[in-house]
Amino acid sequence: AQSVTQLDSQVPVFEEAPVELRCNYSSSVSVYLFWYVQYPNQGLQLLLKYLSGSTLVKGINGFEAEFNKSQTSFHLRKPSVHISDTAEYFCAVSDNSFGNEKLTFGTGTRLTIIP
Amino acid sequence: NAGVTQTPKFQVLKTGQSMTLQCAQDMNHNSMYWYRQDPGMGLRLIYYSASEGTTDKGEVPNGYNVSRLNKREFSLRLESAAPSQTSVYFCASTVRVEQYFGPGTRLTVT
């Protein structure tokens, strides 16, 4: 079984400042990792995913994340945030066994951009 | 493509009433999921269906039933609603590990 810990429930950031949202996972097997974004009153949308290969993955809207196997982390970063980035962000993990597509989600981080 | 659609968008029930939440996808995906989202708890898996004709329990299945009517449709039924089932419900479907989500149903049980 896997688990995901998002260390910050809320992160306020000034507009145009950098941001890092932290995610740590626990698993006894190799994993796939994901970041999803949820804008107010909407469903979840995939930001980026790590399946294999390069540990630095780039996603939509200028976000990127780095997979660190030794620290079991997958932190999300953006060098300069915009008001439109205000949303809730969820880290998720699945084990990469064939045929298993179930996700385990973290509890979410609410990102608030301050003008 | 409409993607994943859910009906209704909002619903208020009294304790003990029953209802069915509908979900459909037009992407020809094999796997479909039902989640509930509660403040501070992220998304928790209720039931999933790896293919047409199969369903399995997730993390929080008590009080719910599901039907995979065909490849497109996956419904969630509350037989006797309880206030603890007040939540936002999301349906999702999957292709190659990436999940696509519907817009959600906000359910209040009084």
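Figured I'd write up the structure that's included with this text. The structure presented is a predicted model; accordingly, all values stated were derived computationally and were not measured.

### Some words on the overall build of chain B
Secondary structure summary: chain B contains zero helices and eleven strands in total. The principal-axis extents of the C-alpha atoms in chain B amount to approximately 40 × 25 × 25 Å. Counting every position in chain B, which comprises 110 residues, the buried fraction comes to 49%. Partitioning the contacts of chain B with sequence separation of at least 6, the portion at a separation of at least 24 is 54%. Carbon and sulfur atoms make up 48% of the accessible area of chain B, which totals about 5200 Å². Positive and negative side-chain charges in chain B, numbering 11 and 8 respectively, have mean positions lying 5 Å apart.

### Quick notes on the nonpolar core
Generally speaking, a soluble globular protein has its nonpolar side chains buried in company with each other. Judged by nonpolar contacts, the single largest core of 28 residues is most densely connected at Leu33(A), Trp35(A), Leu47(A), Leu48(A), Phe74(A), Leu76(A) and Tyr89(A). Breaking this core down by element, the ones donating at least two residues are β2 (10-14), β3 (19-21), β5 (31-38), β6 (44-50), β8 (64-68), β9 (73-78), β10 (87-95) and β12 (109-114) of chain A. Formed by 20 residues, the second largest nonpolar core is a distinct cluster that contains Leu13(B), Met19(B), Leu78(B) and Ala81(B).

### Structural notes on the interface of chain B and chain A
When the parts of a complex come together, some accessible area is lost, and that lost area is often used as the size of the interface. Residue-level contacts link 20 residues of chain B with 18 residues of chain A. Buried area between chain B and chain A, summed over both chains or domains, comes out near 1500 Å², and the portion from carbon and sulfur atoms is 57%. Per-residue buried area on chain B facing chain A is highest for Leu43(B), Val97(B) and Phe101(B); these three make up 34% of the total on that side. Along the contact surface separating chain B from chain A lie one salt bridge.

### Quick word on unusual backbone geometry
The linkage connecting Thr7(B) with the following residue, Pro8(B), adopts the cis geometry, with an omega of -5 degrees. Here Pro8(B) lies in the loop between β1 (4-7) and β2 (10-13). Phi at Asn41(A) takes a positive value of approximately 60 degrees, unusual for a residue other than glycine. Relative to the elements of secondary structure, Asn41(A) occurs in the loop between β5 and β6. Note on Asn41(A): relative accessible area 70%, which makes it exposed.

### Considering the state of the cysteines
All names here are of chain A. As enumerated under the stated definition, the model contains two disulfides over all chains in all. With its sulfur 2.0 Å from that of its partner, Cys-23 forms a disulfide with Cys-91. Taking the sign of the S-S torsion, -65 degrees for the link of Cys-23 and Cys-91, the bridge is left-handed. Of this pair, Cys-23 sits in the loop between β3 and β4 (24-26) while Cys-91 sits in strand β10; the two residues are 68 residues apart in sequence, bridging distant segments of the chain.

### Some remarks on the packing of aromatic side chains
Evaluation of the coordinates by the stated rule reveals twelve aromatic pairs over all chains. Ring centres 5.9 Å apart and planes at 55 degrees place the aromatic pair Tyr36(A) and Phe105(A) in the tilted group. In this pair, Tyr36(A) sits in strand β5 while Phe105(A) sits in strand β11 (residues 104-105), placing the two residues 69 residues apart along the sequence. Of the two residues, Tyr36(A) and Phe105(A), neither departs from the other in class, the shared state being buried. A connected cluster of aromatic rings, assembled from ring pairs, spans Phe34(A), Tyr36(A), Phe105(A), Tyr33(B), Tyr35(B), Tyr48(B) and Phe101(B).

Reading guide: rules and limits
- Residues numbered from 1 in each chain as written.
- Chains lettered and ligands numbered in written order.
- Predicted model: local features only at pLDDT ≥ 70, side-chain atom pairs only at ≥ 80, totals over all residues.
- Heavy atoms only, no water.
- Helix = DSSP H or I, 4+ residues; strand = E, 2+ residues; numbered from the N terminus.
- Buried < 20%, exposed > 50% of the residue type's maximum accessible area, 1.4 Å probe, protein only.
- Contact = heavy atoms within 4.5 Å.
- Areas by Shrake-Rupley, 256 points an atom, 1.4 Å probe, with all protein chains shown as cover.
- Lys, Arg positive; Asp, Glu negative; His and termini not counted.
- Charge placed at Lys NZ, Arg CZ, Asp CG, Glu CD.
- Core = buried A, V, L, I, M, F, W, Y, C linked by side-chain atoms within 4.5 Å.
- Buried area = accessible area lost by both parts, 1.4 Å probe.
- Salt bridge = Lys/Arg side-chain N within 4 Å of Asp/Glu carboxyl O.
- Disulfide = S-S within 2.5 Å.
- Phe/Tyr/Trp six-rings, centres within 6.5 Å; stacked < 30°, edge-to-face > 60°.

Bear in mind that shape data such as this cannot, by itself, settle questions of function.
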